[in-house]
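Structural features, examined
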Amino acid sequence: MRDIYLDFNASTPVAPEVAEIMRHALETGHGNPSSSHWAGVPARQMVEEARTRVADLLGCSPREIVFTSGGSEANNHALKGVFFASGKGQPHFITSSAAHPAIVAPLRFLESLGARVTWLPVDGTGLVDPDDLRRAITPKTVLVTIMHANNETGTIQPIAECAAIARELGVRFHTDAAQSVGKIPTRADDVGVDMLTMAGHKFHTPKGVGALFIRDGLRLEPFVHGAGHESSRRAGIESAM
Ligand SMILES: Cc1ncc(COP(=O)(O)O)c(C=O)c1O
């Protein structure tokens, strides 16, 4: 019997062209991208070319892309980064009751540190009501985070409408687009978000590859403190692979 793999929302096979680029990087990208000598320069070029391609996909500037280990890290970076930069007592977050565990667990952790979280209900098709969002925003709200496409139901949330409400009321908006990037249009300005999570292994990269779009000017606490890699947001020598 032949196995047929259909569980692409869980993970996807690595595309041959991705494997080919990775083979080249494994063979030639061993330098430290921060080194200015012959081994570092090609490694830096590979990292920045990858960043430019991701930025093209999201219609943003390469400097607005921070590489991560996947969707979970990107979500943690967005939520904890806003919490620790907020400077507010009891900062308020809003999400939906259908969020992925990679949003729910960091928010539960932030609740234990003093954050308040509103969990918006969803209807029978898994959709949030933008009017509920409007009513939930308070002067203490620091971030709204609503997933773009749901990993189990496939429901696609009205992100542009929700993000416009947040923007009108002066609140930052993040979307977990791990299930939508590479499948449906997710250009940052079209969906109108300030931060966007993507996970490469949902669209044919190996696991352990992801990115967070962070709109220029948004203040976030760094996720990994250390040297100045990834615009001082996530320390650690970048991988060209
Ligand atoms: C909607 C959503 N967010 C986040 C994640 C976590 O992504 P990763 O496995 O790359 O950490 C997943 C993966 O299952 C997902 O479906």
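Residues numbered from 1 in each chain as written. Predicted model: local features only at pLDDT ≥ 70, side-chain atom pairs only at ≥ 80, totals over all residues. Heavy atoms only, no water.

Which entries qualify depends on this criterion: UniProt positions are given in the numbering used here, feature names are shortened, and annotations may be inferred rather than shown by experiment.
In the annotation of an unreviewed UniProt entry, the protein is listed under the name Cysteine desulfurase and assigned to Celeribacter persicus. Its UniProt record, at the heading Sequence similarities (unreviewed entry), says of the protein: "Belongs to the class-V pyridoxal-phosphate-dependent aminotransferase family. NifS/IscS subfamily." Per UniProt, the protein carries the Cofactor (unreviewed entry) text "pyridoxal 5'-phosphate".

**What to know about the nonpolar core**
Note the threshold: What is meant by a nonpolar core is a set of buried Ala, Val, Leu, Ile, Met, Phe, Trp, Tyr and Cys residues, joined one to another through side-chain atoms within 4.5 Å. When a residue's accessible area, from a 1.4 Å probe over protein chains only, is under 20% of the maximum for its type it is buried; when over 50% it is exposed; and in between it is partly exposed. Numbering of helices and strands runs from the N terminus, with a helix taken as a DSSP run of H or I at least four residues long and a strand as a DSSP run of E at least two residues long. By definition, residues are in contact when any of their heavy atoms lie within 4.5 Å.
Core analysis: the biggest nonpolar cluster contains 35 residues, and Ile-65, Val-144, Phe-173 and Leu-196 have the highest contact counts within it. Mapped onto this core, the elements with two or more residues apiece are helix H2 (40-58), strand E1 (65-68), helix H5 (130-136), helix H6 (159-168), helix H7 (188-191), strand E6 (195-199) and strand E7 (210-214). Residue contributions to this core peak at six residues, all from H2. Not counting chain neighbours up to four residues away, the residues in contact with Leu-196 comprise Leu-58, His-174, Thr-175, Ala-177, Val-181, Thr-186, Val-191, Ala-211, Leu-212 and Phe-213. Formed by 20 residues, the second largest nonpolar core is a distinct cluster that contains Val-66, Ala-78, Leu-110 and Leu-212.

**Considerations on the site of the ligand**
Note the threshold: Near residues are defined by distance, with any heavy atom within 4 Å of the molecule or strand qualifying the residue. Polar contacts, as used here, are pairs of N or O atoms within 3.5 Å; protein pairs need one atom able to donate a hydrogen and one able to accept it. Residues neighboring in sequence count only if both atoms are side-chain atoms. Note on areas: Shrake-Rupley with a 1.4 Å probe; residue coverage comes only from the protein chains shown. Any residue that is not Ala, Val, Leu, Ile, Met, Phe, Trp, Tyr, Cys, Pro, Asp, Glu, Lys or Arg is counted as polar, Gly included; the first ten are nonpolar and the last four charged.
Close to the ligand lie 13 residues; Gly-71, Ser-72, Asp-176, Gln-179 and Lys-202 are nearest. Separating a nitrogen atom of the ligand from a side-chain N or O atom of Asp-176 is a distance of 2.6 Å. Within the side chain of His-201, one N or O atom sits 3.1 Å away from an oxygen atom of the ligand. Within the complex, 84% of the 390 Å² of free accessible area of the ligand lies under protein. Counting residues per element, the shell around the ligand draws most heavily on helix H3 (residues 71-86), at three residues. Its residues placed into classes, the shell around the ligand shows three nonpolar, eight polar and two charged.

**Remarks on the layout of surface pockets**
Stated formally: Cavities and pockets were defined on a 1 Å grid built from protein atoms only: a cavity is a group of points that admits a 1.4 Å probe but offers it no way out, a pocket is an open group of points flanked by protein on both sides within 12 Å along at least five of seven lines, and a lining residue is one with an atom within 4 Å of any such point. Grid points are joined across faces, edges and corners, and a volume is the space filled by probe spheres set on the points.
Of the voids in this model, the largest pocket is the one considered here, and its volume is about 1100 Å³. Taken together, 35 residues form the lining of the largest pocket, with Ala-50, Phe-67, Thr-205, Val-209 and Met-241 sitting closest to its centre. Mapped onto the lining of the largest pocket, the elements with two or more residues apiece are helix H1 (16-28), H2, E1 and E7. Ranked by residues supplied to the lining of the largest pocket, first place goes to H2 with seven residues. By volume, the second largest pocket amounts to about 220 Å³. Looking at the second largest pocket, it is lined by 15 residues, and the ones nearest its centre are Val-82, Ser-86, Val-142, Arg-172 and Arg-219. Mapped onto the lining of the second largest pocket, the elements with two or more residues apiece are H3 and strand E4 (141-145). With three residues, the top contributor of residues to the lining of the second largest pocket is H3. Residue classes in the lining of the second largest pocket are distributed as eight nonpolar, four polar and three charged.

**Regarding the environment of Asp-132**
Within the fold, Asp-132 resides in helix H5. Considering only alpha carbons, one finds Asp-132 and Ile-21, 111 residues apart in sequence, at a separation of 46 Å. Those residues in contact with Asp-132 that sit more than four places away from it in its chain are Leu-120 and Pro-121.

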